Amino acid sequence: MKNKGKYLRSGLSLVMLAGIIIFNSCSKKEEAFSNRKVSFNSDWSFHLNDSIADKDTIGASTKWRTLTVPHDWSIEGKFDEKSPAGYGGGALNGGLGWYKKTFKVNAADSSKVTSIIFDGVYRNSEVWVNGHYLGKRPNGYIGFQYQISPYLNYGDKNNEIIVKVDNSKQPNSRWYSGSGIFRNVWIETTDKLHVAQWGTYVTTPKVTVQKASVQFETTVQNQNAASKKATVTTTIYKEDTKVASVTQDITIGANANQTIKQQTEVETPVLWSVEKPELYTAVTAISVDNQIIDEYKTNFGIRDFKFDLNKGLLLNGKQVKIKGVCMHHDLGPLGTAINTRAIERQLEILKEMGVNGIRTSHNPPAPELLDLCDKMGFIVMDEAFDMWKQSKTKYDYGNDWDKWHKKDLIDQLLRDRNHPSIFMWSIGNEIPQQWDESGVIIAKELAGITRQYDKTRPITAAMNPPVNMNLDGIDLQFDKAAVQYNKIAASGALDIIGYNYAHQTYEYHQKNFPKTPFIATETTSALETRGYYDESSDSIKKWPVRWDLKFTDGNPGNTVSAYDQVQAPWGSTHEATWKIIKKHDYLSGMYIWTGFDYIGEPTPYEWPSISSYFGIVDLAGFPKDVYYMYQSEWTNKTVLHLFPHWNWKAGQTVDVWAYYNNADEVELFLNGKSVGVRSKKGEELHVIWKVPFQAGTLKAVSRKNGKTVLETEIKTAGNPSNLKLTADRSTIKADGNDLSFVTVDILDANGTLAPKANNEINFSLKGNGKIVGVCSGDPVSHESYKGSKHTALNGKCLVIVQSDTKSGRLELTAKANGLKPATIVITAE
Ligand code: GAL
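The shown structure was predicted, so the numbers you read here are calculated from the model rather than taken from an experiment.

A. Representation of the domain arrangement of the protein in the model. When its domains are assigned, the protein resolves into domain 1 (12-68 + 95-167), domain 2 (193-300), domain 3 (309-528 + 564-597) and domain 4 (722-828). Taken together, the contact pairs 15 residues of domain 2 with 24 residues of domain 3. Interface area lost by domain 2 to domain 3 is led by Trp198, Tyr201 and Trp272, which between them contribute 48%. Scanning the region where domain 2 abuts domain 3 turns up zero salt bridges. On the surface where domain 2 and domain 3 come into contact, there are six residue pairs in polar contact (both at pLDDT 80 or more). The set of elements that each furnish at least two residues to the side of domain 2 that touches domain 3 consists of strand S13 (193-207) and strand S19 (291-300). The element best represented in the side of domain 2 that touches domain 3 is S13, accounting for five residues. For the side of domain 2 that touches domain 3, a count of residues per class yields nine nonpolar, five polar and one charged.

B. Broad picture of the nonpolar core. Grouped together as the largest cluster of nonpolar side chains are 113 residues, with contacts concentrated most on Leu347, Ile358, Trp388, Tyr630, Leu642, Trp646 and Trp689. When residues are assigned to domains, this core turns out to be shared by domain 3 (309-528 + 564-597) and domain 4 (722-828), each giving three or more. Leave out the neighbours within four places in its chain, and isoleucine 358 touches Val325, Met327, Leu347, Leu350, Leu369, Cys373, Phe378, Ile379, Val380, Met381 and Tyr591.

C. Molecular detail of the site of the ligand. Every residue lining the ligand is accounted for by Arg174, His362, Asn429, Glu430, Asn500, Tyr501, Glu522, Ser525, Trp570, Trp593, Glu601 and Phe614. One nitrogen or oxygen atom from the side chain of asparagine 429 is found 3.0 Å from an oxygen atom belonging to the ligand. Expressed as a share of its isolated accessible area of 310 Å², the protein-covered part of the ligand is 94%. Of the residues assigned to the shell around the ligand, the class counts are four nonpolar, four polar and four charged.

D. Representation of the sheet that holds strand S43 (residues 731-732) in the model. Spatially, S43-S50-S49-S45-S47 is the arrangement adopted by the five strands of the open sheet, whose pairing is mixed. This sheet does not close on itself; its edge strands, each paired only once, are S43 and strand S47 (789-791). Both strand S49 (residues 808-815) and strand S50 (residues 822-828) contribute to a ladder of seven bridges, which runs antiparallel. The residue of S50 that forms the bridge with threonine 813 is threonine 823.

E. Expanded view of the sheet that holds strand S7 (residues 113-118). The four strands are arranged S3-S12-S7-S10 in an open sheet whose pairing can be described as antiparallel. Each of the sheet's edge strands pairs with one partner strand only, and the pair in question is strand S3 (37-39) and strand S10 (144-147). Between one strand axis and the next, the sheet turns through 25 degrees on average, direction left out of account. Alignment of S3 against strand S12 (residues 185-190), held across three bridges, turns out to be antiparallel. Paired with valine 38 across the strands is isoleucine 187, a residue of S12.

F. Just the side chain of histidine 686, in detail. Looking at the element boundaries, histidine 686 is found in the loop between strand S38 (673-678) and strand S39 (687-692). There is a polar contact of 2.7 Å between the side chain of histidine 686 and the side chain of glutamate 575.

G. Just the packing of helix H3 (residues 401-416) against helix H4 (residues 437-453), in detail. The contact between H3 and H4 brings their axes to 9 Å, and the two run at 30 degrees. Viewed along their axes, H3 and H4 adopt a mutual orientation that is roughly parallel. With respect to the hand of their crossing, H3 and H4 are arranged in right-handed fashion. On H4, the residues that touch Trp401, His405, Lys406, Leu409, Ile410, Leu413 and Leu414 of H3 are Ile442, Glu445, Leu446, Ile449, Thr450 and Tyr453. Looking at side-chain class alone, the contact of H3 with H4 contains nine nonpolar, two polar and two charged residues.

H. Highlighting the pattern of salt bridges. Following the criterion strictly, the structure yields 42 salt bridges and no others. With a closest N to O distance of 2.8 Å, arginine 65 and glutamate 76 form a salt bridge. Here arginine 65, found in strand S5 (residues 65-67), pairs with glutamate 76, found in the loop between S5 and strand S6 (95-105); they are eleven residues apart in sequence, far enough to count as distant. Using a relative accessible area of 33% as the deciding quantity, one classes glutamate 76 as partly exposed.

I. Molecular detail of unusual backbone geometry. Here the bond from tyrosine 122 into arginine 123 is cis, since omega is -20 degrees, no more than 30 degrees from zero. When you line up the elements, arginine 123 lands in the loop between S7 and strand S8 (125-129). Cis peptide bonds are those with omega within 30 degrees of zero, and the linkage from threonine 603 to proline 604 qualifies with 10 degrees. Topologically, proline 604 is positioned in the loop between strand S34 (589-593) and helix H9 (626-634). Positive phi, normally seen in glycine, also occurs at tyrosine 501, with a value near 65 degrees. Positionally, tyrosine 501 belongs in the loop between strand S30 (496-500) and helix H7 (504-512). Positioned with a positive phi, asparagine 794 is a non-glycine residue whose angle comes to about 45 degrees. Within the secondary structure, asparagine 794 sits in the loop between S47 and strand S48 (796-803). When its relative accessible area of 14% is taken as the criterion, asparagine 794 is described as buried.

J. View of the pairing of S30. Counting buried positions along S30 gives five out of five residues, so the element sits mostly inside the fold. Where strand S27 (residues 459-463) lies against S30, four bridges are found, and the strand directions are parallel. In the sheet register, threonine 460 faces S30, and the bridge partner there is isoleucine 496. In this sheet, strand S31 (residues 518-524) lies alongside S30 in parallel orientation, the contact comprising four bridges. Bridge pairing in S31 places glycine 498 opposite isoleucine 519. In this fold, the crossover linking S30 to S31 by way of H7 has right-handed handedness.

K. Local environment of a positive patch on the surface. On the surface, a cluster of positive charge is contributed by Lys37, Lys297, Lys375 and Lys733. Within the secondary structure, lysine 37 is located in strand S3. What makes lysine 37 partly exposed here is its relative accessible area of 33%.

L. View of helix H1 (residues 340-353). Its 14 residues place the ends of H1 20 Å apart at the C-alpha level, agreeing with the 20 Å of an ideal helix rising 1.5 Å per residue. Among all positions in H1, only Arg341, Ala342, Ile343, Arg345, Gln346, Leu347, Ile349, Leu350 and Met353 are buried. For H1, the secondary structure elements touched by its buried residues are strand S23 (322-326), strand S24 (357-359), helix H2 (367-376), H9, strand S44 (739-747) and S48. Capping the start of H1, asparagine 339 holds a side-chain oxygen 2.9 Å from the backbone nitrogen of arginine 341, two or three residues further along. Positive phi shows up at glycine 354, right after H1, with a value of about 110 degrees.

What counts and what doesn't
- By convention here, each chain's residues receive numbers from 1 onward along its written sequence.
- Reporting of local features is limited, given that this is a predicted model, to residues whose pLDDT is at least 70; pairs of side-chain atoms are given and counted only at 80 or more, and all residues count toward the totals for whole chains, interfaces and linings.
- Side-chain figures throughout are based on the complete set of non-hydrogen atoms in the structure, without hydrogens or water.
- Domain extents, as shown, originate in an automatic or database domain assignment.
- Throughout, a contact is declared for two residues whenever any of their heavy atoms are within 4.5 Å.
- Two parts lose some accessible area (1.4 Å probe) when they are put together, and adding that loss for both gives the buried area.
- Salt bridge criterion: a side-chain nitrogen from Lys or Arg within 4 Å of a carboxyl oxygen from Asp or Glu.
- Under the rule applied, a polar contact is a pair of N or O atoms within 3.5 Å (in protein, one hydrogen donor and one hydrogen acceptor; residues adjacent in sequence only if both atoms are side-chain atoms).
- Going along the chain from the N terminus, every DSSP run of H or I of four or more residues is numbered as a helix, and every run of E of two or more is numbered as a strand.
- All residues other than Ala, Val, Leu, Ile, Met, Phe, Trp, Tyr, Cys, Pro, Asp, Glu, Lys and Arg, Gly among them, are scored as polar; the first ten of these are nonpolar and the last four charged.
- Put simply, buried Ala, Val, Leu, Ile, Met, Phe, Trp, Tyr and Cys residues joined by side-chain atoms within 4.5 Å make one nonpolar core.
- Think of it in three bands: residues with accessible area under 20% of the maximum for their type are buried, residues over 50% are exposed, and the middle band is partly exposed, with areas taken using a 1.4 Å probe on protein chains only.
- Working definition: residue near molecule or strand if any one of its non-hydrogen atoms lies within 4 Å of it.
- Reported accessibility uses the Shrake-Rupley method at a 1.4 Å probe radius. Residues are deemed covered only where the shown protein chains occlude them.
- For two strands to count as paired, DSSP must find a minimum of two bridges between them.
- Where helices are involved, their axes are fitted lines through C-alpha atoms of the stretch in contact, as for all axes, and angles between N-to-C directions lie from 0 to 180°.
- Angles are sorted into four bins: roughly parallel if under 35 degrees, roughly antiparallel if over 145, roughly perpendicular if 65 to 115, and oblique for all others.
- The crossing is said to be left-handed when, going from far helix to near helix, the turn is anticlockwise and less than a right angle, and right-handed when the turn is clockwise.
- With the strands aimed away from the viewer, a crossover counts as right-handed if its path from the first strand over the helix to the second runs clockwise.
- Like charges within 9 Å and nonpolar side chains (Val, Leu, Ile, Met, Phe, Trp, Tyr) within 5 Å are joined into patches, using only residues over 30% in relative accessible area that form no salt bridge.
- When charges are counted, Lys and Arg are positive and Asp and Glu negative, with His and the chain ends excluded.
- Charged groups are reduced to one reference atom each: NZ for lysine, CZ for arginine, CG for aspartic acid, CD for glutamic acid.
- Given a helix with a known number of residues, its expected span is that number minus one, times 1.5 Å.

This is the structure we're talking about:
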């Protein structure tokens, strides 16, 4: 039954008039479902000034700049060795920022309830409307809302909102946090009788192929001064089709909340899985006298899962290995200002590699990330904290712990618990207090709160395993006695113990504690610079052995070999980690540190490095070679990836690696002459040839039963000659938000990538749009990500173009001294 029209209602839209925002009613079809909430992102004024600490002194004379949020002011700054944020924080400054905005509200809304919703402000935000103080929120990662109706002027009179964001006390993070209103802002307008904030909880307690029971817990809020009789109808839709509906009459007291439980069934449910992430929508309608006065949409999925002691994760009865990655929240050159397309691109790149899991290390993510994980099929570990009461950096959230942790955790649970992609809660990462009783008390408290709000998912915490860390590069020694040291693991507070690193622990654990489930919450911490190779690749290097290591001999500096041969001493190479995870069914999977490089924590080097080397994908979004190892293991896609490049000194012996699958063997040819046939033996994940360099063409052919499966070639490149531009999407939406990610390749005269080219590239854009980010993925670059020029790393660079609200042609040109320029057209429509 096509029923979509039923839940369309006239709602709110934003109209811009003379620079002032007005909310008013409309019935635009595209606003079905979302019209309770409208974007409040545009036309903010911003001022960065540490010296103004009081809102009453920000005065009219202060210089303001107009911008659209989400906004991260730190990313606009200069990398600074002396930045109080430290290298850990990406050597970018925090500071104190002020945002303000003027707006009007329709007179008709004066009988309604209006709230302002912030999805996240980093950090210590304080908000005023028309001079009235609404409150403070120290935690930068959690969403919050304030009801503003009592303080609003309606009709022609202006309203002013002021937001103070204080990220001046540094350091307060072990990674780059960004600063400002870095997530979306919304205005929500409802009837006085309405579904409360995060007021629905949808669960599917019993799922079979024939039938799923679906339960709704709905909190209705009555802000009228009189009690109300109403009907609450919850209807389930699969796309446009009405699937089931359940109705209940209620009487709710004046200024009261009431939670009701409803239950229904879905026949032959379409189950959510990583391959087919099928979603349903529950629409909660509140009616009074047969008139719908409030509607609230909740996306959910129907799936059945359990973590089995011997078989790992069973999703809808099928064993699924979690092929997960940890991700920090920055979006590379865009900083931490969220953009849905930028998150989607990251997830697309990871999905292509075979990733099916995301750990939101180490904080609640932007809501858009969770929506995308629901839609794209990722198994999410939603993590709350990187520290509890005991701080890891001087001014971090540990200082706010006592006052805020309960509320922050509850809000995360209420906000996130309907997402089908979330399969477990993590209440913390490597909490220092894990080694003493104070940690046990807090773990029990947090686990208790979590179970109170959601009993459908297991609780874990990412903990340090029982090993002696030996930073001299000697193998980690497993320490049996230390099993007792980790008090939280031993306390029974968690449903699943989370081990970070030390895969040496897994087999010991399974043998000695076969009844205590555990999961690899964090693994690997291997290191690579994209496109850079140290010969030879035979030995495993554990870095940082010393933090003062600087430039390697004859190389551009602070580089790490992209053969999978370098790891942090507490971690392991990609191959070593995957081999063990792959081997045992009882290991439900892993979350690799990390999917993408991130700003800050520049291990294994410090300054001048400012971003990480941990990513399987670099900061610009370009895969490093090991990406293809995973692709060959984790996807059905046929892979043959040959590396390194083929520009070396004559006679030098070069290790040539190939990752491949769906074939029995690979033969390598140098200038037409066979160098040998190789095939992976036993557990091997790649093949290798040692080849004396000779300029020309290196060609690999993979074969199955004697038949060619794939061929690939690498050629010696001549001098850099041309620029080539390739857009990930050449048509984007003209919505002022959408992005086209354009890759710049530096090629020789024959079209071969110049693998060491590091030319500075200048960009210009014609048309209605702007360049919003440039990046090469080089952790040592101190050029601004926000400029219009950038130096390439090993033949590649990225430029990001954003649309305006006007449609038309965007013409991007890239130029570099001595190279043939390139132009590409992107259409915004
Ligand atoms: C882990 C930690 C991560 C990151 C990583 C680097 O111990 O949980 O946040 O610091 O080390 O290897």
